Amino acid sequence: MINIPTNCSFCRNKHKRCHVQYADMRIFSGGGKTMLMDMFFIQSCVPIEKKLRIHFHSFMLDVHNKIHEIKKTIPKIYGARKPTPFDPLPLVADAICERLWLLCFDEFQVTDIADAMILKSLFTELFKRGVVMVTTSNRPPEDLYKHGLQRVNFLPFIAILKEHCESVSMDTGIDYRFLHGPTMQTYFVRDRWERDVDVELNAIFKRLASEQNDIARPRTYRIKGRDVTFRKTCGHILDTTFDELCARALGAADYLQISQSFDVVLLRDIPKMTLSIKPAARRFITLIDTLYDNKVRLVCSADVPHVQLFEASDSIDDDIEDRKLMDDLGIRRHETSKLSLFTGAEEVFAFTRVVSRLQQMQTEDYWKLRDSKYL
């Protein structure tokens, strides 16, 4: 999605704040939208200190952190019958605009209800301050947060986008990542007859670790007030499993920490995913998106080829987490058929992107993006 000023150009009027027009670069996975956005970011005349290129997940994490920090500065009024209403989003927008006015997002998508409920107010404030937004998306504005919880409260944000933005579809129907070559042996499929993939991954870890100034050891990070431990690391190498990263309660902030701390991730034992493990599948999607966006190299073993990793079924019994959430929200079983949180529709849609990115992460060109020393 690209937001272009309606009444000024970057080159002729760099200092004038203006309302923006939004062009939604919608291309199916692998169509080149991220490349186009990056070209725009690099070639724009905006000074580097006034622009930011960031994954949308990371941006929203930063927004929530800013909200938390601002709320901590508000003095408590003891004895008041009810708290005084306070909206921190104008202050958040001020903090963002003090530093920059061109925002480039990769993968504008809304799956989190906490994000969905603040986007209208946040972007209303940003647009008022003349922020220019450039972003990619696999969905048109009207399909954002489709079938999400309390979507009726999200719809005004779509109206804000349509008021300021022009949506442009750039779909070619071609996934260029599958035309990328040559590939490396970084994705290993378990096979009862041919080879032991653990032996292969152990050899890769040993070779990579020999180049690190460290020993194999556990490492603990303090993330969002809690300790997150990874059992096997060595320097900038993480040797881990699907269960360690996706079966426990980790999120975008944890995966961002991994991306900032490690150059190579060895991810073992990826299963074939179905809707019966939606929480783990959601985390896997976020993990791959974060690793890809930060150009972290991935070596992995799985039960099936990457194009077969996710299988959606037409019907499935509620899992325990779904039933608990339905009880908490007061939602009846028949009411879940249109909510993506329960149907897995968002995961099915996102997995097309994940498969495409896993394809590119196996190429030599991808491994060269961060550093060529591991080739």
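What counts and how
Residues numbered from 1 in each chain as written. Predicted model: local features only at pLDDT ≥ 70, side-chain atom pairs only at ≥ 80, totals over all residues. Heavy atoms only, no water. Salt bridge = Lys/Arg side-chain N within 4 Å of Asp/Glu carboxyl O. Buried < 20%, exposed > 50% of the residue type's maximum accessible area, 1.4 Å probe, protein only. Axes fitted to C-alpha atoms, helices over the stretch in contact; angles between N-to-C directions. Helix = DSSP H or I, 4+ residues; strand = E, 2+ residues; numbered from the N terminus. Left-handed = near helix turned anticlockwise from the far one by under 90°. Contact = heavy atoms within 4.5 Å. Nonpolar A, V, L, I, M, F, W, Y, C, P; charged D, E, K, R; others polar. Core = buried A, V, L, I, M, F, W, Y, C linked by side-chain atoms within 4.5 Å. Pairing = 2+ DSSP bridges. Phe/Tyr/Trp six-rings, centres within 6.5 Å; stacked < 30°, edge-to-face > 60°. Lys NZ or Arg CZ within 6 Å of the ring centre and 35° of its normal.

If you had to explain the pattern of salt bridges to someone new, which residues and values would you point to?
Taken as a whole and assessed by the stated rule, the structure comprises 20 salt bridges. The partner of Arg-129 in a salt bridge is Glu-125, and the shortest N-O contact between them spans 2.7 Å. Overall, the relative accessible area of 12% leaves Glu-125 in the buried class. Here Arg-219 ties to Asp-214 by a salt bridge, and the two come within 3.5 Å at their closest N and O atoms. Judged by relative accessible area, Arg-219 falls into the buried class, the value being 14%.

So, the packing of helix H9 (residues 252–261) against helix H10 (residues 278–293): which residues are in play, and what are the values?
Look at H9 against H10: their axes get within 9 Å of each other, and the N-to-C directions meet at 35°. Where H9 crosses over H10, the two elements pack in a sense that is right-handed. Across the interface between the two elements, Ala-252, Tyr-255, Leu-256, Ile-258 and Ser-259 from H9 touch Arg-283, Thr-286, Leu-287, Thr-290 and Leu-291 from H10. When the residues that make up the contact of H9 with H10 are grouped by side-chain class, the tally is six nonpolar, three polar and one charged.

Can you lay out H9 for me, pointing to particular residues and giving the numbers?
Taking burial as the measure, the 10 residues of H9 include eight buried ones, the bulk of the element. Those residues of H9 not exposed but buried are Ala-252, Ala-253, Asp-254, Tyr-255, Leu-256, Ile-258, Ser-259 and Ser-261.

Explain the environment of Glu-200 to me, using residue names and the numbers behind them.
Looking at the secondary structure, you find Glu-200 in helix H7 (residues 197–209). For Glu-200 and Ser-301, which are 101 residues apart along the polypeptide, the C-alpha to C-alpha distance reads 9.5 Å.

Give a description of the nonpolar core that names residues and reports values.
Judged by nonpolar contacts, the single largest core of 53 residues is most densely connected at Phe-284 and Leu-309. For this core, the element with the highest residue contribution is H10, accounting for eight residues. Residues in contact with Leu-309, not counting those within four places in the same chain, are Tyr-187, Ile-270, Pro-271, Lys-272, Met-273, Phe-284, Ala-302, Val-304, Phe-351 and Leu-358. Residues Leu-52, Cys-97, Phe-127 and Leu-149 belong to the second largest nonpolar core, which totals 36 residues.

Give a detailed account of the pairing of strand E3 (residues 51–55), specifying residues and quantitative values.
Of all the five residues making up E3, four are buried; the element is thus mostly covered by neighbouring parts of the structure. For E3 and strand E4 (residues 102–106), the ladder comprises five bridges, and the chain directions are parallel. Residue pairing in the sheet places Leu-52 in a bridge with Leu-103 of E4.

Run through the packing of aromatic side chains, naming residues and quoting values.
On inspection of all chains with the given rule, the structure shows 18 aromatic pairs. One aromatic cluster is present, built from ring pairs that chain together Phe-56, Phe-59, Phe-105, Phe-108, Phe-123, Phe-127, Tyr-145, Phe-154 and Phe-157. For Lys-232, the ring lying beneath its charged end belongs to Phe-205, and the centroid distance is 4.3 Å.

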